[in-house]
Each structure stands twice: as structure tokens, then as C-alpha cells.
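Single-letter residue listing:
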Amino acid sequence: MTDVTYPAEAARRPTVARPWLGLAVMLLGPFMTVMDVMIVNVAIPSIRLGLGASYAQAELVVAGYSLAYAVALITGGRLGDLRGRRRMFVAGLLGFAATSALCGLATSAETLILARLLQGVAAALLFPQVFSLIRVTFPEPQDCAKAFAALGVVLGLAAVAGQVLGGILVAADLWGLSWRPIFLLNIPIGLLAAVAAPRLIPADTVKPGQRLDLVGVGLSALGLGLLLYPLIEGREAGWPGWSLAMLAAAVPVLAGFAWLQHARSRRGASPLLQMALFRDRAFAAGVLLVMVFYSTMNSVYLAYAFLAQLGLGRSALAAGLVFSPAAVAFMIASIAAGRVAPERRRAVLLAGAAIAALGEFAAAATALLAAPLQAEALIPALLLLGVGQGLLMTPLLNTILGGIHDGHIGSASGMLSTMQQVGGAFGVALAGILFAVVLDGARAAGLGEAAAYARAFAAAAGYGGLATLVTLGLLFALPKGDRAG
């Protein structure tokens, strides 16, 4: 069965009778890709020990996936527009299952790093299609809002499952396989979703004769690689000259990519990134909004992991269990946000940003004032953070994508997903610098490890609060009124 239908056929295409079952299949994709990030973070000490990997190689096992994922997202999203979103979704599922098998069977650090790079590319092919498929499968605004809310629930569940399941699987050492089941688990999930997708997800219409902009693919990959690799790896290496040179080189390469896309758009060619998207006010503002907002998520969560595990001596599993109420709050808030009438969505977004900022400032204050600090003391602040981010994240994506033409939705989804990764990398780099400087200063002042890490966490959480206030201000740039569907 083909995924591509042409205009004459589209009018005869039957409506899918079970769109919500189709949504469940769609959401298995982001569940795997997000869980994989969390589960590897928990298992990386065992992976390093089992393969005899160096610290640098262990970092690449984690960072290589994120880098390949971010670099390929725009291309993955555009391929959905050109070749069919369901087809690319299924291809991504099969690719993710196959590369997960390569990861689980890796016999050396080098093999695992290569497999993780390929796994990141498969995730980039898979993930943007979910945004696009939700938009075209649920044309009614209220249904679309509920579907995006379900996506928020799944992302929160994947974060919890990754942390908890990672600890359980490594500790269980099933069949003497040590860390390998964390990757092999993806195989049955991916294959199940790939078999169910053609039966439950509708085929989509594409315009024949369009070609992938290969020059654009090369420039975007090169530019994003030059930007993101030093952001991911530069801080740990002490910001050597090569990292600064790569950041500087990224500017002209990305500018050249933007110029090429603008020129191809004006000629009526098929650019990798449709520049007409930026004439949509919500999309133009939303790109910046997403980047700023996502800079707070990864940075604050990473700072919490450092505090709980290195500063307070908790295991990865124990730290994850303390954090899990925030993930549950995120899921509940996402469900609530999906039930809000479209005309009230703007108020929900503003409330979400305000509550998230309050949670981050409360976390910073708790870390500074509680003596001695216990990880459990952060739960109220983390609950506020989870509620705020749940109210903000999924309605924000729905609002930004709501007015995008179906033929450009893949390109838009790829761009938004890329900005999530760019924002996350920027946030980790900026907050990481702040964390390290404050930690070193606290140690130099004679504070104990727990107090020093608490002070460093407070600085990172304070950055998150300030950036979330910037997000709150940027929300006023979004147009009023409903755009979904």
C-alpha cells in the first residue's frame, strides 16, 4: 500500500474511522525517541564499563544521538511533505528499530557511537511526521488540541519511563546482557507501530514532481553541525579554539542556507525550508519562542541531575523517582490544556509560562535556603514547573502550527523540532557555564559539596526562571484567536 495519494485520488479518500487508534500508533514514535535519551543517560556508566569506553567516547554515545537528530530534523520534516508523511513515519520506525538493534549488539565503543548517530537520523525522520500527522488527521480545532495534549502526556511518560526503566533494566542484568536491553526494547515497539501504521493512519496527499533540495540539505547539516557540536561538547573540553572557530563558521554557513532557501522560494522551486512560513506571524514568533522556552527545559533538568546525584549522593533511579511527580504534573496539565476552548488558549499559555517561571525561581530559593538540602525539598517547586510546562508546551505547538498550509506542514514541523534542539543545546551550554563558575566559586569559598552544588543549581534554575519570563513576554507576539485546523 502506498502512502502517497494525488489530488484526483484525495477527493475519493475515505475518512479514517479510528483516528484515535491512529494517534496511539503515532505517539509510539516520540515515546521511543524521548525515552531513549533518558534511558541512555541512566545507563551510561554501565555502558562505559562494559565496553571499556573512555569518558570522551561515553559522551559521544550520548551527544552523538542528539547531534545527528538535530542536524537531520529539517530534512526529515521536508521529506514528509515530498514523499508522504505516513511513509516517512513508517520508514523512521523501521530505521529506529534497526539502529536500536545495532546499538544493542555493539561490541565496541566505536560501533556504538556510529549506531547512535544512525539512530539519531532515524529519529529525525520519525519525529517531525508526528506533528504533521496530528495536524492533518485532526482538522477540528478541539480534537487537534486534545491530540497535542496526548502528545504532551506521552512525552512526560517517556521521561519518567526512561529514568525509572533504565535503572531497573541495568540493575536486573537480564540474561546477563547488562545495559543492552535498554536498546533492544525499542525493536518490538518499533515493529509493532510500523505494522499498525498503514492500517490506522491515513495516507496523505503530496504534489508529484517535487525534488529534495540536496544543496540545502548539505548546507543545513553543515551549519547546524558547526553550531551544535561545540555547544554540546565545547564546555566539557574547556571551550578550546576549535569550538569557537566552529561557532564562528556556523554563522556564514547558516546565512548562506537562508539565502539559498529564499532564492529557491522566489523562483518557485522546492526549497528544503519554505521561507513563506516566516510570513505567518505565529510561526515567525513561534520559532524564537520555542528556542527560548526549550533552553530552560534541558538546562534545569540537567542541573537537577547533577545536584541530586553528584551533590546529594542519590542514585540515578532515586533522583528520577524524586523528579517523577513533576513529570506526572506535566502530564495532567497537558490533559487539562487540551480541554480548554480555543478562545482561551492564549490565557492558558500565559498562565503556563508564569507558573513555570515561579517554579524555577522557587527551586532556586529552596536550594539556597534549605539547610541541609534534601532532594525531596525540591518537589513542590518541581511540581509547579511541571504544571507550568504542561500548560505551555503542547498548546504552544498547536498554536504555532495551526495556520500552516498542509503542503508546508512537514517543513514547519522540522523547523520547530530543530529549534527545540538548538534551544536545548544553547540552554545547556549557557546554564552549564553558569553552573560550573558558581560551583567552582562555592568550593573556593570553602563550602561543602552539597552546599556548593545547591548554589550552582540555584544559579541554573535562576537562569531558567529569567528565560521563562522572556518566553512570557514573547507570547504576546502571537496573534489572538484560534488557528488550529
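Let me begin by describing the structure that accompanies this report. (Residues numbered from 1 in each chain as written. Predicted model: local features only at pLDDT ≥ 70, side-chain atom pairs only at ≥ 80, totals over all residues. Heavy atoms only, no water.)

1. A closer look at empty space enclosed by the protein
In this structure the tally under the stated criterion is two cavities of 30 Å³ or more. A volume near 70 Å³ is recorded for the largest cavity. Around the largest cavity, the lining residues are Arg-235, Ser-299, Leu-302, Ala-303, Phe-306, Val-428, Ala-431, Gly-432, Phe-435 and Ala-460. Mapped onto the lining of the largest cavity, the elements with two or more residues apiece are α11 (281-311) and α15 (409-444). Across the lining of the largest cavity, the residue classes break down as seven nonpolar, two polar and one charged. For the second largest cavity, the calculated volume is near 50 Å³. Around the second largest cavity sit Ala-145, Phe-148, Ala-149, Ser-334, Ala-337, Gly-338, Arg-345, Thr-394, Pro-395 and Asn-398, which together line it. Listed by contribution, the elements that provide at least two residues to the lining of the second largest cavity are α6 (141-172), α12 (316-338) and α14 (379-401). Residue composition of the lining of the second largest cavity, by class: five nonpolar, four polar and one charged. (1 Å grid on protein atoms, 1.4 Å probe; cavity = no way out; pocket = protein on both sides within 12 Å on 5 of 7 lines; lining within 4 Å. Points joined across faces, edges and corners; volume = space filled by probe spheres on them. Helix = DSSP H or I, 4+ residues; strand = E, 2+ residues; numbered from the N terminus. Nonpolar A, V, L, I, M, F, W, Y, C, P; charged D, E, K, R; others polar.)

2. Quick word on the packing of helix α2 (residues 19-51) against α6
In contact at an axis separation of 7 Å, α2 and α6 are set at 30° when each is read in the N-to-C sense. Taken together, the axis directions place α2 and α6 in an arrangement best described as roughly parallel. Both α2 and α6 take part in a crossing whose hand is right-handed. The class makeup of the residues in the contact of α2 with α6 is 23 nonpolar, five polar and two charged. (Axes fitted to C-alpha atoms, helices over the stretch in contact; angles between N-to-C directions. Parallel < 35°, antiparallel > 145°, perpendicular 65-115°, else oblique. Left-handed = near helix turned anticlockwise from the far one by under 90°.)

3. A few points about the nonpolar core
Ranked by internal contacts, the top residues of the largest apolar core, which has 86 residues, are Phe-89, Ile-134, Phe-283 and Leu-475. Once residues within four sequence positions are removed from consideration, Ile-134 is found in contact with Leu-23, Met-26, Cys-144, Ala-147, Phe-148 and Leu-151. Listed in part, the 35 residues of the second largest apolar core include Ala-363, Tyr-453, Ala-454 and Tyr-463. (Core = buried A, V, L, I, M, F, W, Y, C linked by side-chain atoms within 4.5 Å. Buried < 20%, exposed > 50% of the residue type's maximum accessible area, 1.4 Å probe, protein only. Contact = heavy atoms within 4.5 Å.)

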